[in-house]
Each structure stands twice: as C-alpha cells, then as structure tokens.
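Letter by letter, the chains look like this.
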Amino acid sequence: MLTDDADPVLVAEKLIHPQFPRSATYDAVWQARYADGPNPLWLAESLTDLLDLTPGMRVLDLGCGWATSSIFLAKEFGVQVVAADMWLRPETWPLIVEAGVESQVLPVRVEAHDLRFAHEYFDAIISLDAYQYFGTDDLYLGYLQQFLAPGGVLGIVVLGITEELDAGPPDHLADMWTWEHKAFHSPAWWRTHLERSAPMIVEHAGLVPDGWRHSLRWQELAAQAAPPQARPACAEWARRLATDAGRTIGWPRIVARKK
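Keep in mind the model is a prediction, meaning the values are calculated, not measured.

Asker: How do you make sense of the environment of leucine 15 when you look at a structure like this?
Answerer: If you trace the backbone, leucine 15 turns up in helix α1 (residues 8–15). On the basis of relative accessibility, which here comes to 1%, the residue leucine 15 falls in the buried class. Sequence-wise, leucine 15 and leucine 221 are 206 residues apart; in three dimensions their C-alpha atoms are separated by 8.6 Å. With residues near it in sequence (within four places) discarded, leucine 15 still touches Ala28, Gln31, Ala32, Asn39, Trp42, Arg217, Trp218 and Leu221.

Asker: I keep staring at unusual backbone geometry and nothing clicks. Help me out?
Answerer: The bulk of non-glycine residues show a negative phi, and the bulk of peptide bonds are trans. The backbone of aspartate 129 shows a phi angle near 55°, a positive value even though the residue is not glycine. With respect to the helices, strands and loops of the structure, aspartate 129 is situated in the loop between β4 (122–128) and α6 (140–144).

Asker: Would you mind showing me how to read the packing of α1 against helix α9 (residues 211–225) here?
Answerer: To describe two helices that pack against each other, one gives the angle between their axes and the distance between the axes. Across the interface, α1 lies against α9 with an axial gap of 9 Å and an inter-helix angle of 165°. Here α9 runs roughly antiparallel to α1, going by the angle between their axes. By crossing handedness, the relation of α1 to α9 is classed as left-handed. Residue-level inspection shows Leu10, Val11, Glu13, Lys14 and Leu15 of α1 in contact with α9, the latter providing Arg217, Trp218, Glu220, Leu221 and Gln224. Looking at the contact of α1 with α9, its residues break down into five nonpolar, one polar and four charged.

Rules used throughout
Residues numbered from 1 in each chain as written. Predicted model: local features only at pLDDT ≥ 70, side-chain atom pairs only at ≥ 80, totals over all residues. Heavy atoms only, no water. Helix = DSSP H or I, 4+ residues; strand = E, 2+ residues; numbered from the N terminus. Buried < 20%, exposed > 50% of the residue type's maximum accessible area, 1.4 Å probe, protein only. Contact = heavy atoms within 4.5 Å. Axes fitted to C-alpha atoms, helices over the stretch in contact; angles between N-to-C directions. Parallel < 35°, antiparallel > 145°, perpendicular 65-115°, else oblique. Left-handed = near helix turned anticlockwise from the far one by under 90°. Nonpolar A, V, L, I, M, F, W, Y, C, P; charged D, E, K, R; others polar.

Here it is, written out as structure tokens:
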C-alpha cells in the first residue's frame, strides 16, 4: 500500500494507537507496506482479545494477504500458523524468515473453496477482512468446519455495517455503493447466518470498538501515502467515513465454536 517515499513520521502517527499495544511494537512502515487494506495487525489484535490462543495450537489464517497477521499470531501467541491465500506472493516467505518465525508459519497458495487439509486439523480458523468475499454462501461454513477440530473456534473480522440496509444505503453513501457491497452485513446477520449454516455456537457477535475511526485513520494515511493513482479514492472514502461517523460502516467481529 505504501510508496517508498512515505513519511515515516506520518505513518507512525496514523498506525501507532494505544488501543492496539501489541501492534504498536511492530514497525509502522512495515505494517503499512505489507497491507492490502485496513491494518491487518489491528484486526488480528482486536480478534485475539476474544480468543484463547495457547502455544502450539494449529491456526489457519484464511485470506492472509501478505501474512503479516500470521507473523503476528506466531510471535505473540506461539501458535503454528498456515498462512493461506489464493493470491499469495513470492515475497511472503522472505517476510516470514525476516520475522524469525519460519518454523511456525507455513505459507500456502490455496483458494477458499479448495482447501487441501486434513479434517479436524485446526484448533482455530481466523479470517481478517476476507471472509465476506466467500463466507456469505449458505453452504460455505458447512464446508469449512470440516477442517476445525471439535470445540475449535472460528474468528472473523469483516468490513460490514451496523444494521441491515433493507431500504438501501443512506444518501451520503449511495453513489459509492456497488454490487460488491451486498456482501456487507451486520453482526446480527452474521450470528444468524453462522448458526444456521453449520453445527456452530456463536459466542460473540458485535462491532470492533471504534472500528470506523480506525478505518478513517487508515484511509487518511492512504490518501497521502498510497500510490498516486489510488489516493483520490482513499481520500473520498475518508470523507465518507467521517460523514458517516459509525452510523452505517463498521467492522463486525464474530467468534463461533464448533459443537
């Protein structure tokens, strides 16, 4: 996301936040450079506040992007992580080695509907800013839970909305709302969807606290430090998020346990 000439002071100002003390120990420029969207370390830290991860657990990081979230999980909790993404980049492995977690993080290029893992292998499956692109299918969780051990947890953080938009988006978002935004749902929707799709018990369904503010900080940074062709769209998103002020856009955070 970051250009090579981005101001490190600006990056640190936007990405070092007291709500995320674990993430704050990682270099801010590194966080921004290897992120395709809102800071995955923030999303991982927010989600793991609700999870009981212990050393040696096997975790699938589904839709890992650059795998910085996988690195974070390995370093902070001592877990074994499979970093899975259909667009996995060749540069991912050097990042893992540089972080010193090559014995804990295994990068795998795989599509979410074609997982080649043993059934009941993982103690936890997490997905950060990715599950909304494949997990709204009524049948998907029934497929995914095969790879989760009995009593294992699924944790997701997705870009979404505070309540379902039965009448369509509000006026201040209407001209930016495309068909892809139909995948944006509320915590209540996700609770119902997950519980009816597979033998899962939803233990938490809510919004990341101040999630819209964190998205705003990210878009403000991207409006100044992203590649020039992306900056106008980021600036427009920042303006819309500021206008919306959390009324519509948020980050649903869901934890479900396999029966």
